[in-house]
Each structure stands twice: as structure tokens, then as C-alpha cells.
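Structural features, examined
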Amino acid sequence: MRRLPGVIVLLCTATALGWGPDGHRIVGKIADHYVSEAARPELAAILRLYHATSLADVSNWPDHIKHARPETAPWHYVDIPVNADRYDPDRDCSQGDCVVEAIHRFATELGDRTRSISNRADALSFVVHFVGDIHQPLHCAEDNDRGGNDVVVLIDGETSNLHRVWDFEIIRATGLDPDHYVDRLLAEFGSDTNVLAICHSGSVEDWANESHDLARDFVYAGLPESHQVGSSFLASCRPVADQQLFKAGVRLARLLDACLATKSDTPQH
Ligand code: ADE
Ligand code: ZN
Ligand code: ZN
């Protein structure tokens, strides 16, 4: 993370890649809640390098460096054609430059104790951020529209686009800050049976397919013909966005456990 103090990380502005800053903080906070005791000490040591105390604090750095490091931009999404059945690495990620392969790469780097602590800290931030991104449906689908970035919509007469609706607007319309948003998600989704079911729900590729299917069946299919997306429309999208944010946080915690909660030098996935 090139020695950016936590306070500067927090002050950087939003970009159009990934959930907005609040969405990534929400995912980081949920993972903070569910990460195992065994993984906490090493996680804290890595975070300390950047004066951070929580996963939420490092969750937005990959969006802040994308202009300085343009080669990282394709790691935030995977363009699975909306009408395709499922993720196909040869078609959708031939050079390994997509969010699915980026998560695999950085999880391996994070768990590799032969690497420098600063290398592993960068990897941690990438993993936290990209597990959030892969749960944003439009980061796993496209219809010749860059994941909805080219689909113009109107919110209260203001021009926006479908991708921004899912990155920012659904969350912003609640008026909740990340702390209160997380309280609500934990109350709504945090039963033991639900969390256990999410913990056993598949591979990184499965997460991408799940997001892709939501994009096809809910996001694109549910867009009003008028492309007007008012407050009641945003509220109608919230259950799906909330479920995705919560799943992202729980799955991130389990992935970090797999990388860090062992004493060996080899991460277990
Ligand atoms: N650029 C191209 N496709 C994209 C997607 N699915 N999400 C975000 N940015 C993109
Ligand atoms: Zn992103
Ligand atoms: Zn985005």
C-alpha cells in the first residue's frame, strides 16, 4: 500500500469501480465481525503496517490506485456475457486479468509467509476489496455495456448509469452510515444457520456465477423500460444488494481464515 497512512486512505474520493466506499467498508466490517480468533493476531500485525485497525480501513485502497496503476483496473470485474451460462476462464479471463483470478492470486500471496509483510499487506487489501467487487452483480456480467456503465438511467431527473445505481445509489438511498448498515445486516441475516449456509456456499467461481445470474435475472431484467429509477425502485433492489453485501463479508472472513489461521507456510484453501 506504499505507506499510505490510514487517515489518507479514508479521505480519498470515490471512483466508479466496485461497490462505492461505503459498500466496501460494510463488507470489511462484516468480515471483521466473523473472522476467526485464530486469524486475528496475524491480521492485526499486517494491518498495523498501514496504521489500520480493521479490514474496513484497507477496503478501498485498490480503487484509489487504479489510475496510477492502470494494469490493476481489469482485476475489479469479470465480463461474463449476460446470456452465457457461466464463467468460462478461457473466454472471460484469458490473461488472468479478472476478479476471479485476482482473488486466487492475492489470497495465495496473503497466505505466503515467505513474502514481505508489505507485499502481504497489499495482497490483503486487494483480497478484501475484490471479494466485495465480485458480489456486485454488474461486476460479473456485461451486455456490451461495460457492466451497465453505458446504460443511462434517471434518478430524480439526474442522469446516472445502471452500474452506479448498484455501486452507490441503492446503499446511499438508505441514509445509513456503514456502522448502522452493518448493524441492520447482522440483525437481518446473522442467524447461525444462515451464516453456516453461506460459509459452505462454494468456490470463487461459484460466487462469480451467482452474481452473473443475479445480473441477468434481476438487475437487467428488472430495469424499468423508462430507465427511471426512483426511491421505490432503489428500495426494491435493496434485499438483493444487502444479501450480496452480507455474503461477501462472511465469505471474505472464511477466505482470510483459510489464508491465515494455520501455522504452516502454506495457505489452505
Ligand atoms: N468495465 C468493463 N466491464 C466492467 C464491469 N463488468 N464492471 C466494472 N467495470 C467494467
Ligand atoms: Zn473495485
Ligand atoms: Zn463498480
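Check the entry above for the structure.
Residues numbered from 1 in each chain as written. Chains lettered and ligands numbered in written order. Predicted model: local features only at pLDDT ≥ 70, side-chain atom pairs only at ≥ 80, totals over all residues. Heavy atoms only, no water.

This next bit is on the overall build of the protein chain. Helix and strand counts for the protein chain come out as 12 helices and two strands. Starting at the N terminus, the α and β elements of the protein chain follow one another as α-α-α-α-α-α-α-β-β-α-α-α-α-α. Compactness check: the protein chain gives a C-alpha radius of gyration of 18 Å against a globular reference of 18 Å for 269 residues, within 12% of the reference. Roughly 11,700 Å² of accessible area belongs to the protein chain as shown, and the carbon and sulfur atoms make up 52% of that amount. One way to put it: in the protein chain the 24 positive side-chain charges average out to a point 7 Å from where the 40 negative ones average out. (Helix = DSSP H or I, 4+ residues; strand = E, 2+ residues; numbered from the N terminus. Rg over C-alpha atoms; globule rule 2.2 N^0.38 Å. Areas by Shrake-Rupley, 256 points an atom, 1.4 Å probe, with all protein chains shown as cover. Lys, Arg positive; Asp, Glu negative; His and termini not counted. Charge placed at Lys NZ, Arg CZ, Asp CG, Glu CD.)

A few words now on the pairing of strand β1 (residues 152-155). Burial of the side chains of β1 is restricted to one face: Val153 and Ile155 are buried, whereas none of Val152 and Leu154 on the reverse face is. With four bridges joining them, β1 and strand β2 (residues 158-161) adopt antiparallel strand pairing. Looking at β2, one finds that valine 152 is bridged to asparagine 161. Counting the residues between successive antiparallel strands, the hairpin from β1 to β2 contains two residues, one of them, aspartate 156, with a positive phi of roughly 50°. (Buried < 20%, exposed > 50% of the residue type's maximum accessible area, 1.4 Å probe, protein only. Pairing = 2+ DSSP bridges.)

The subject of this paragraph is the nonpolar core. Counting 83 residues, the largest nonpolar core has Val100, Leu124, Ile134, Leu162, Trp166, Phe246 and Leu256 as its most contacted members. Of the residues forming this core, the biggest block, 15 residues, is contributed by helix α12 (residues 231-260). If near-sequence neighbours (up to four positions away) are discounted, phenylalanine 246 is found in contact with Ile30, Tyr34, Leu185, Leu186, Phe189, Gly190, Asn194, Val195 and Ile198. (Core = buried A, V, L, I, M, F, W, Y, C linked by side-chain atoms within 4.5 Å. Contact = heavy atoms within 4.5 Å.)

Along the chain, alanine 215 turns up in helix α11 (residues 204-220). In sequence terms alanine 215 and alanine 141 are 74 residues apart; their C-alpha atoms lie 6.4 Å from each other. When residues no more than four places from it in sequence are discounted, the contact partners of alanine 215 are Pro137, Leu138, Ala141, Tyr220 and Ala221.

Let's shift gears to the coordination of the zinc ion (ligand 2). Only His76 (ND1), His129 (NE2) and Asp133 (OD) from the protein reach the zinc ion (ligand 2) as donors, at distances of 2.1 to 2.2 Å. When the donor residues of the zinc ion (ligand 2) are listed from N- to C-terminus, their spacing reads H-x52-H-x3-D. For the pair the zinc ion (ligand 2) and the zinc ion (ligand 3), the metal-to-metal distance amounts to 5.9 Å. Separated by 53 residues along the polypeptide, histidine 76 in the loop between α4 (61-64) and α5 (89-92) and histidine 129 in helix α7 (residues 117-134) bring together distant segments of the chain. (Donors = N, O, S within 2.8 Å, 3.2 Å for Na, K, Ca; no water.)

Turning to its location among the elements, cysteine 259 is positioned in helix α12. Look at cysteine 259 and you get buried, because its relative accessible area is 0%. Sequence spacing of cysteine 259 and glutamate 109 is 150 residues, and the spatial spacing of their C-alpha atoms is 8.9 Å.

Describing an aromatic ring pair means giving the distance of the ring centres and the angle of the ring planes. Summed over all chains, the structure comprises nine aromatic pairs. Here the aromatic rings of tryptophan 75 and phenylalanine 106 are separated by 5.5 Å at their centres, their planes lie at 55°, and the arrangement is tilted. Here phenylalanine 106 lies in helix α6 (residues 99-111) and tryptophan 75 lies in the loop between α4 and α5, a separation of 31 residues in the sequence. For the pair tryptophan 75 and phenylalanine 106, one class covers both residues: buried. (Phe/Tyr/Trp six-rings, centres within 6.5 Å; stacked < 30°, edge-to-face > 60°.)

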